[in-house]
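# Working through the structure, step by step
Spelled out, the chains give:
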Amino acid sequence: MKEGMLLIEFDKHSIAFVQTGDMDETMLDEIKEIMSDDGFILKKTINAKRDIDSFKEVLFKLFMEDYDVIFTFGGIGMDHDDIVPEATGDLIDKRLPGLEGAIMYSLMEKGAYSILNRGKCGLFRQTLVINLPSKKHIIIEVLNTISPMLKQGIHKIRKNRK
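Described below are features of the structure shown in this document. (Residues numbered from 1 in each chain as written. Predicted model: local features only at pLDDT ≥ 70, side-chain atom pairs only at ≥ 80, totals over all residues. Heavy atoms only, no water.)

## Concerning the pattern of salt bridges
The full count for this structure, using the stated rule, is 7 salt bridges. Arg50 is paired through a salt bridge with Asp81; the nearest N and O atoms lie 3.7 Å apart. Of this pair, Arg50 sits in the loop between strand 3 (40–45) and helix 2 (52–64) while Asp81 sits in the loop between strand 4 (69–73) and helix 3 (84–91); the two residues are 31 residues apart in sequence, bridging distant segments of the chain. Classification of Arg50 as buried rests on a relative accessible area of 9%. Asp81 sits in the partly exposed class, given a relative accessible area of 21%. (Salt bridge = Lys/Arg side-chain N within 4 Å of Asp/Glu carboxyl O. Helix = DSSP H or I, 4+ residues; strand = E, 2+ residues; numbered from the N terminus. Buried < 20%, exposed > 50% of the residue type's maximum accessible area, 1.4 Å probe, protein only.)

Laid out in structure tokens, this is it:
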């Protein structure tokens, strides 16, 4: 069973990365570098199973810990164990189709397989969750594209919590 989770803190905003596939050291280092350029600091790694109940449990626990943003990597394709969009959809209160569209457009510009992307973006209470593919070049492209929007979104979420 594929496992792994990365928890990352952004400035004073908490962000979690949930990874459903194997992330090698080189890929982890590259993501760390991109994240550090944007003020993210890798805090720890936690395992998460790739079945719908276990994945929902991981997401729900993170939601209860009041993370501002949770990214998920992998599990959004068409294989039998690609359950991330279903798990996410079962838990979120509101979908964010504009953010989903921005991610898909970004992927289409690069010729990625965005038409097969089933990822969801949405809110659970005041936590934003974003499903992304697991391929390194796609993760990097999407993070570079949506980072400015996320900073504004995190600010708005924080403001609404008060």
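## A short note on helix 2
In an α-helix, one turn spans 3.6 residues; hence positions three or four apart end up facing the same way. Here helix 2 spans 18 Å end to end across 13 residues, near enough to the 18 Å set by a 1.5 Å rise per residue. Residues of helix 2 that are buried include every one of Phe55, Val58, Leu59, Leu62 and Phe63, and no others. Mapping the buried residues of helix 2 onto a view down its axis gives an arc of 135 degrees, with all of them on the same face. The positive-phi residue at the C-terminal boundary of helix 2 is Asp66, with phi of around 60 degrees. (Expected span 1.5 Å × (residues − 1). Arc of directions from axis to C-beta.)

## Here's the deal with the packing of aromatic side chains
Scanning the entire structure with this criterion turns up 3 aromatic pairs. When the ring of Phe60 is compared with that of Phe124, the centres are 6.0 Å apart and the planes differ by 80 degrees; the resulting orientation is edge-to-face. Of this pair, Phe60 sits in helix 2 while Phe124 is found in strand 6 (residues 121–124), placing the two residues 64 residues apart along the sequence. Assessed through its relative accessible area of 7%, Phe124 is described here as buried. Ring centres of Phe63 and Phe124 lie 4.4 Å apart, and the angle between their planes is 10 degrees; this geometry places the pair in the stacked category. In this pair, Phe63 sits in helix 2 while Phe124 sits in strand 6, placing the two residues 61 residues apart along the sequence. (Phe/Tyr/Trp six-rings, centres within 6.5 Å; stacked < 30°, edge-to-face > 60°.)

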